[in-house]
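Residues per chain, in single letters:
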Amino acid sequence: MNDIAKRFPANPLLSPKDLKASAEGLEITCLLNPGVFRFQNKTWLIVRVAERPAQKENVISFPVLTETGGTQIIEIKKDDPELDASDARVINYKGVDYLTTLSHLRLLCSDDGIQFYEPEGYKPLVGEGMLQTFGIEDCRVALLENIYYLTFTAVSGNGVGVGLRTTVNWKDFTSHGMMLPPHNKDCAIFEEKINGLFYALHRPSSVDIGGNYIWITSSPDGVHWGNHQCIIKTRDGAWDSKRVGAGAAPIKTDQGWLAIYHGANEKHQYCLGAFLMDINDPSKVIARTEEPVMVPTATYETSGFFGNVVFTNGHIVDGDTITVYYGAADEFVCAAHFSLKEILSLLKFNHV
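Computed from a predicted structure; not experimentally measured.

Student: Which parts of the structure should I look at to understand the overall build of the chain?
Tutor: If you tally the helices and strands in the chain, you get two helices and 26 strands. Relative to a compact globule of 352 residues, whose C-alpha radius of gyration would be 20 Å, the chain shows 19 Å and is just as compact. Along the longest, intermediate and shortest principal axes, the C-alpha atoms of the chain span 55 × 45 × 45 Å. Within the span of the chain, comprising 352 residues, buried residues form 57% of the whole.

Here it is, written out as structure tokens:
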């Protein structure tokens, strides 16, 4: 394993105890997978905040949003024969799946990229309508032509899809509904048009035929998407054998579009790798790392709500330095520096 991440000594930068719950009676269980952007000369995170009620003995309780925006608490006895609570993240009750936590998105900013705080006047983003009643998660941010595009996982009993909102000031938002229908997530829009078109990576998946693969799509307007093509698949016996998914917006380099992505194996260990797309036709993948560039090794990555996870959907690029902000163990927010040149040097051409 070729871990080249230079982790911040201050990691974890954020833990559940560092923020206040959104409502009385709820507690923050996890902070996860922040989108990252620059705004007003500061580094901003749009962090996924996962909450649930304080757990009582012999009972599992969790919140869901109503279609009108209210919050309903569901309680189930742990010894109920129709309850399957074997997964810390998802439970099944009477044949229906529920999330054990309800997520919203919280805006934080920083002058130094290390110490983050909640600025006044910026409201949390929450689920809206029947397609987001189980919350919104894992937001990625792309800036094109002075408009910020927010792609996020929209979750409800109808399935898991990609929601889209846009903003220019982070106070007023336009909702564009479900950009990509279930089952889909891990959507990252390129921060530059190519031959007049918007492009985005995404991850549809099937439990029957195919797998958890990375696809690419294009759009004339950033709202309506088509021309979907599968470009990255899992690799048998490798660190990314079970699922792969895009990180943040691909990075434009002299060699092509560089994408940092996550991969997981059968043991649900999540690592980071990279691949390179043709500069003029990003549907053509020209190189890929054989080994991961980051592996969960620090204690805060191997132990937590769901251990052995490093997962990113946000970064800042300054010359050769990529500052990757990432979720660790599905509980903490951390950061690490990478060298762009070093990642490019690890790419294997014709190994896609």
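Student: How do you make sense of the packing of aromatic side chains when you look at a structure like this?
Tutor: Given two aromatic rings, their pairing is described by the distance between the two centres and the angle made by the two planes. Enumeration over the complete set of coordinates arrives at 18 aromatic pairs. The side chain of Lys-171 reaches across the aromatic face of Tyr-122, ending 4.9 Å from its centre.

Student: Please clarify how the nonpolar core should be interpreted in this entry.
Tutor: Considering soluble globular proteins, one finds that nonpolar side chains tend to be buried as a cluster. Ranked by size, the top nonpolar core spans 26 residues in total, and within it Leu-258, Met-294, Ile-322, Tyr-326, Phe-338 and Ile-343 carry the most contacts. Only strand S20 (257–264), strand S21 (270–277), strand S24 (321–328), strand S25 (332–339) and helix H2 (340–346) provide two or more residues apiece to this core. Setting aside residues up to four positions removed in sequence, Ile-322 forms contacts with Ile-251, Ile-260, His-315, Ile-316, Val-317, Ala-336, His-337, Phe-338, Leu-340 and Ile-343. Of all hydrophobic cores here, the second largest spans 20 residues; its members include Ile-194, Ile-231, Val-244 and Phe-275.

Student: Can you help me understand the pairing of strand S22 (residues 285–289) in this one?
Tutor: The side chains of a regular strand alternate, first on one face of the sheet and then on the other. With four of five residues buried, S22 is to be regarded as a mostly interior element. Here S21 pairs with S22 via three bridges, running antiparallel. Paired with Met-277 across the two strands is Val-285, which belongs to S22. Of the pairings in the sheet, the one linking S22 to strand S26 (residues 347–349) comprises three bridges and is antiparallel in character. The residue bridging Ala-287 from the neighbouring strand is Phe-349, located in S26.

Student: Would you mind going over the sheet that holds strand S15 (residues 198–204) with me for this structure?
Tutor: Strands pair in a sheet through their backbones, by hydrogen bonds, and they do so in one of two ways: parallel or antiparallel. Spatial strand order, S14-S15-S16-S17: four strands in an open sheet with antiparallel pairing. Strands with a single pairing partner mark the edges of an open sheet, and in this sheet they are strand S14 (184–189) and strand S17 (226–232). The sheet shows a mean angle of 25° between the axes of neighbouring strands, direction not considered. Two elements, S15 and strand S16 (residues 214–219), share five bridges in a ladder whose sense is antiparallel. Bridging across to S16, His-202 finds its partner in Trp-215.

Student: For this particular structure, what's the right way to read the pattern of salt bridges?
Tutor: Side chains that differ in charge, positive against negative, can pair when their charged atoms come close. Within the structure shown, the criterion is met by 18 salt bridges. Put simply, Arg-89 and Asp-87 hold a salt bridge, and the shortest N to O gap is 3.4 Å. Residue class for Arg-89 comes out partly exposed when judged on its relative accessible area of 27%. The partner of Arg-106 in a salt bridge is Glu-118, with the nearest N and O atoms 3.2 Å apart. Highlighted residues: Arg-106 in strand S9 (residues 102–110) and Glu-118 in the loop between S9 and strand S10 (136–144), separated in sequence by 12 residues. Relative accessible area serves as the criterion here: at 5%, Arg-106 is assigned to the buried category. Here the residues in one salt-bridge network are Asp-3, Arg-7 and Glu-301, joined through shared partners.

Student: Would you explain the sheet that holds strand S2 (residues 26–39) in this entry?
Tutor: Read across the open sheet, the three strands follow the order S2-S3-S9; overall the sheet is antiparallel. Both outer strands of the open sheet, S2 and S9, are each paired with one neighbouring strand and no more. The mean angle between the axes of side-by-side strands here comes to 25°, regardless of whether they run parallel or antiparallel.

What counts, and at which threshold
The numbering scheme is per chain: residues are counted from 1 as the chain's sequence reads. Predicted model: local features are reported for residues with pLDDT of at least 70 only, side-chain atom pairs are reported and counted for 80 or more only, and whole-chain, interface and lining totals are derived from all residues. Side-chain descriptors were evaluated using all non-hydrogen atoms of the structure, hydrogens and water having been removed beforehand. Runs of E in the DSSP output that reach at least two residues are strands. Runs of H or I that reach at least four are helices, and both are numbered from the N terminus. Only the C-alpha atoms count toward the radius of gyration. The rule for a globule is 2.2 Å times the residue count to the power 0.38. Exposure categories follow from relative accessible area, calculated using a 1.4 Å probe and restricted to protein chains: below 20% of the type maximum is buried, above 50% is exposed, and the middle band is partly exposed. Only rings of Phe, Tyr and Trp enter the pairing, Trp through its six-membered ring, and a pair is recorded when the two centres are within 6.5 Å. The plane angle decides the type: under 30 degrees is stacked, over 60 is edge-to-face, the rest tilted. A ring is considered to have a charge above it if a Lys NZ or an Arg CZ atom is located within 6 Å of its centre and within 35 degrees of its normal. For the purposes of this section, nonpolar cores are sets of buried Ala, Val, Leu, Ile, Met, Phe, Trp, Tyr and Cys residues that join through side-chain atoms within 4.5 Å. What makes two residues a contact is simply this: any of their non-hydrogen atoms within 4.5 Å. Pairing between two strands is assigned when DSSP locates at least 2 bridges connecting them. Angles shown run from 0 to 180 degrees and are taken between the N-to-C directions of axes, each axis being a line fitted to C-alpha atoms and, for helices, limited to the stretch in contact. In what follows, salt bridge is the name for a side-chain nitrogen of Lys or Arg lying within 4 Å of a carboxyl oxygen of Asp or Glu.

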